[in-house]
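Here's the letter readout for the chains.
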Amino acid sequence: MTQDQLKLSVARSAIDYIVDDGIIGVGTGSTANMFIDELGKNKHRIKGAVASSEATAARLRSHNIPVLDLNEVDSIPVYIDGADEINTYGAMIKGGGGALTREKIIASAAEKFVCIADNSKLVHVLGKYPLPVEIVPMARSVVKRKLAALGGKPFLRLNKDKNSPFLTDNGNMIIDLMGLEITQPAEMEEKINNIVGVVTVGLFARQSADICLLGTNSGVNVLVFDR
């Protein structure tokens, strides 16, 4: 199976986790987009969705799924999103699409976090994928120096034209930290979040997944984690 076929298999399996008449949190990225397309076929089952990015909100609206502001919502039974990397304990690196802060906020508000990913995303040690760190623009230089002191190589994320910094939906910049082996994700998450000027880091260890639907050539494996 191709990677896209594996992503589609978990997107379809995630429909089983929809709570009827509930509100669903939806992440950002290629696998989340496939889930949104499947959700569009089942929109009659839900009251609406909370989106983790403007791009996700636009895709939800294209399927006539009501998009709600998180401040208007009292309960989110389930949040469904992909991962750039996930380990065997449910800790993840997320933020390749630049939506890490809103993703983490919605995940924290949800009763259950279901990660959907193909099996290439499962790793024993996090860090081969660059670790995104959303920062306040004026703190760029000082945060880069402090991140470098942790042992990684920080690079400012640029737009596709390579001539200007990438900006998140929140108007912030992202530093991608490369070359780390993250053996203690929760501790690293706390350490980076404590750097003044950091909005949040794309380590989801303290806010880890409850379940991962992992697409493999032999079917969808369901991994259940204890928080």
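Scroll up a little and you will see the structure.
Residues numbered from 1 in each chain as written. Predicted model: local features only at pLDDT ≥ 70, side-chain atom pairs only at ≥ 80, totals over all residues. Heavy atoms only, no water.

Undergrad: Could you clarify how one ought to interpret the sheet that holds strand β9 (residues 173-178) in this entry?
TA: For sheets, the rule is that strands pair by backbone hydrogen bonds, running either parallel or antiparallel. Taken in spatial order, the 4 strands make up an open sheet running β8-β9-β7-β10, and their pairing is antiparallel. Strands with a single pairing partner mark the edges of an open sheet, and in this sheet they are β8 (153-156) and β10 (198-201). Ignoring strand direction, the axes of neighbouring strands in this sheet form an average angle of 30°. The pairing of strand β7 (residues 131-135) with β9 spans 5 bridges and is antiparallel. Each residue of the ladder has a partner; that of Ile135, found in β9, is Met173. (Pairing = 2+ DSSP bridges. Helix = DSSP H or I, 4+ residues; strand = E, 2+ residues; numbered from the N terminus. Axes fitted to C-alpha atoms, helices over the stretch in contact; angles between N-to-C directions.)

Undergrad: In this structure, what is going on with the sheet that holds strand β4 (residues 85-86)? I would like to understand it.
TA: In spatial order, the strands read β4-β5-β11; together these 3 strands make up an open sheet with antiparallel pairing. What marks the edges here is a single partner per strand, and that holds for β4 and β11 (203-204).

Undergrad: Is there a simple way to think about the nonpolar core in this case?
TA: Soluble, globular proteins show a tendency: their nonpolar side chains are buried together. The biggest cluster of nonpolar side chains holds 23 residues, and the ones touching the most others in it are Ile24, Val26, Phe35, Leu39, Leu60, Ile80 and Ile116. Looking at this core, the elements that each hand over two or more residues are α1 (3-14), β1 (23-26), α2 (30-39), β2 (48-51), α3 (54-62), β3 (78-81), β6 (113-118) and β12 (211-216). Setting aside residues up to four positions removed in sequence, Phe35 forms contacts with Ala11, Ala14, Ile15, Ile24, Val26, Ile80 and Ile116. If you look at the next biggest cluster of nonpolar residues, it comprises 22 residues, including Leu177, Leu180, Met188 and Val198. (Core = buried A, V, L, I, M, F, W, Y, C linked by side-chain atoms within 4.5 Å. Buried < 20%, exposed > 50% of the residue type's maximum accessible area, 1.4 Å probe, protein only. Contact = heavy atoms within 4.5 Å.)

Undergrad: What should I look at first to understand the environment of Arg140 in this one?
TA: Counting through the fold element by element, Arg140 comes out in helix α5 (residues 140-148). Once residues within four sequence positions are removed from consideration, Arg140 is found in contact with Ile135, Leu156, Met173 and Ile175.

Undergrad: Would you mind going over the state of the cysteines with me for this structure?
TA: One covalent bond between the sulfur atoms of two cysteine residues makes up a disulfide. Taken as a whole, this structure holds 0 disulfides when the rule is applied. Cys115 forms no disulfide, and the closest cysteine sulfur to it belongs to Cys212, at a distance of 4.1 Å. On the accessibility criterion, Cys115 (0% relative accessible area) is buried. (Disulfide = S-S within 2.5 Å.)

Undergrad: Hey, could you run me through the environment of Ile23 in this one?
TA: As for its position among the elements, Ile23 is in strand β1. Measuring from C-alpha to C-alpha, the distance between Ile23 and Val50 comes to 7.3 Å, with 27 residues separating the pair along the chain. The residues contacting Ile23, other than those within four sequence positions of it, are Lys47, Gly48, Ala49, Val50, Leu68, Val73, Ser75, Ile76, Pro77 and Val78.

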